[in-house]
Amino acid sequence: MPELPEVETIRRGLENNVLFKRIENVTVGLPKIVRGDLSQFQAAIIGNQFTNISRRAKLLIFHLKKSEPQYLLIHLKMTGQLIYPTDQTLIAGGHPYPDFKSELPNKYTHLMFHFQDQSTLFFNDLRQFGYTQLATTDQLSQLVNSYGLEPGTPSFTWQAFKEKIDLRKRPVKSWLLDQQEIAGLGNIYADEVCLQAGILPNRNTGTLNDSQKHALYQAIKNIISQAIKHRGTTFRNYADHEGKKGGYAKFLQVYGRAEEKCLQCGSIIQKTKVAGRGTHYCPVCQQ
DNA sequence: CTTCTTGTTACTGA
DNA sequence: ATCAGTAACAAGAA
């Protein structure tokens, strides 16, 4: 599922490919994937251009040349993909988009942006939870401000982290997954962060000492930067803008490894439910 | 057939 | 106010 590193990988890929191309047309195959008025959406997009792509948490922000609305937001939720084929032979050769048919468009393609140079950006979503939405400058700033600390930015300091975590008393994993606390972590990286920090996911944040809090802070920084470096994790159906899988899956230490041996101590990795999510942990390395 | 998968929001109840 | 739990969304894998 696309979490921060996967969304960032897509952002970087698209940034190098779709900016400043006139959008000749947009095809909406599944209207509910467009939030708000459909004809207003089409009117705002057709003839427009993307001038920049930014990201906040797992939300992609496409900056439009014509304003207002100035922005197009895209959230991929659990199974959304944004694919911009750059090498036709990749598709002709049946490149396996994870869990999907290799043809584009396919049955999961719900939105297409057709550019002036005949290229197309495909928005696929198996489970149809993803969405796109226009936003004005005011709406965007309101949304951006509602998110928590953004790992990988200069504002993600130990001091800011400590100030936030000190205010809360709740299970660590639940806190990590809360987008208003830390922006961008999802189920996979939350488990990985807890292992690297040596903290049990169901530990209450109120029981952690400063050293343990700092271990969490450092683990978030390490894991997010490593995962971005390896272009994200493909566990099921994540694919980047070219339809390629992420390379971080082979570095996962606990997620998806229930009943297997801990890579550090050899204990059996346990699986339970924390914050309503499947949660993996090492009973020895984590306390 | 059942259960599990998960990002986010809405809702309920403690 | 804070937070836990659950349902909802939807489709597929096991």
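Residues numbered from 1 in each chain as written. Chains lettered and ligands numbered in written order. Predicted model: local features only at pLDDT ≥ 70, side-chain atom pairs only at ≥ 80, totals over all residues. Heavy atoms only, no water.

Before going further, it helps to spend a moment on the domain arrangement of chain A. Interface size is commonly expressed as the accessible area that is lost once the parts come together. The domain architecture assigned to chain A consists of domain 1 (4-146) and domain 2 (158-281). Taking only C-alpha atoms into account, the centre of domain 1 sits 28 Å from that of domain 2. Of the residues lining the interface, 28 residues belong to domain 1; the matching set on domain 2 comes to 24 residues. When the two sides are added together, the surface that domain 1 and domain 2 hide from each other amounts to roughly 2000 Å², 61% of it contributed by carbon and sulfur. (Domains from an automatic or database assignment. Contact = heavy atoms within 4.5 Å. Buried area = accessible area lost by both parts, 1.4 Å probe.)

This paragraph deals with the pairing of strand S11 (residues 277-281). Across five bridges, strand S10 (residues 270-274) lies against S11 in antiparallel orientation. The residue bridging Lys271 from the neighbouring strand is His280, located in S11. In this structure, the hairpin formed by S10 and S11 is closed by a connection of two residues, where Ala275 is found at a positive phi of approximately 55°. (Pairing = 2+ DSSP bridges. Helix = DSSP H or I, 4+ residues; strand = E, 2+ residues; numbered from the N terminus.)

On inspection of all chains with the given rule, the structure shows 13 aromatic pairs. Taken together, the aromatic side chains of Phe50, Phe62, Tyr84, Phe113 and Phe115 make up a single cluster linked through ring pairs. A cation over an aromatic ring shows up here: Arg35 above the ring of Tyr131, its NZ or CZ 3.5 Å from the ring centre. (Phe/Tyr/Trp six-rings, centres within 6.5 Å; stacked < 30°, edge-to-face > 60°. Lys NZ or Arg CZ within 6 Å of the ring centre and 35° of its normal.)

All right, on to the protein's contact with DNA strand B then. The immediate surroundings of DNA strand B are formed by 15 residues, with His75, Met78, Asn187, Tyr255 and Lys271 found nearest. The contact atoms of DNA strand B, taken as those within 4 Å of the protein, divide so that sugar and phosphate hold 54%. The separation between a phosphate oxygen of DNA strand B and a polar side-chain atom of His75 is 2.4 Å. In the environment of DNA strand B, a base oxygen lies 3.0 Å from a nitrogen or oxygen atom belonging to the side chain of Arg277. Broken down by class, the residue content of the surface near DNA strand B amounts to four nonpolar, four polar and seven charged. (Near = heavy atom within 4 Å. Polar contact = N/O pair within 3.5 Å; in protein donor to acceptor, adjacent residues only side chain to side chain. Nonpolar A, V, L, I, M, F, W, Y, C, P; charged D, E, K, R; others polar.)

Lining the immediate surroundings of DNA strand C are Lys32, Lys107, Tyr108, Leu126, Arg127, Gln128, Phe129, Arg168, Lys169, Arg170, Pro171 and Ser174. Sugar plus phosphate, as a fraction of atoms of DNA strand C within 4 Å of the protein: 61%. Side-chain polar atom of Lys32 to a phosphate oxygen of DNA strand C: 2.8 Å apart, as the coordinates give it. A distance of 2.9 Å separates a phosphate oxygen of DNA strand C from a polar atom in the side chain of Gln128. The residue inventory of the surface near DNA strand C, partitioned by class, reads four nonpolar, two polar and six charged.

We now examine the nonpolar core. Ranked by size, the top nonpolar core spans 31 residues in total, and within it Phe161, Leu176, Leu216 and Ile220 carry the most contacts. Elements with a minimum of two residues in this core: helix H5 (158-165), helix H6 (172-177), helix H7 (187-197) and helix H8 (210-229). It is H8 that provides the largest number of residues to this core, a total of eight residues. Ignoring sequence-local partners within four residues, the contact set of Leu216 consists of Phe161, Ile165, Val172, Leu176, Val193, Ala197, Ile199 and Leu208. Core analysis: the next-biggest nonpolar cluster, separate from the first, contains 29 residues, Ile45, Leu72, Tyr84 and Phe115 among them. (Core = buried A, V, L, I, M, F, W, Y, C linked by side-chain atoms within 4.5 Å. Buried < 20%, exposed > 50% of the residue type's maximum accessible area, 1.4 Å probe, protein only.)

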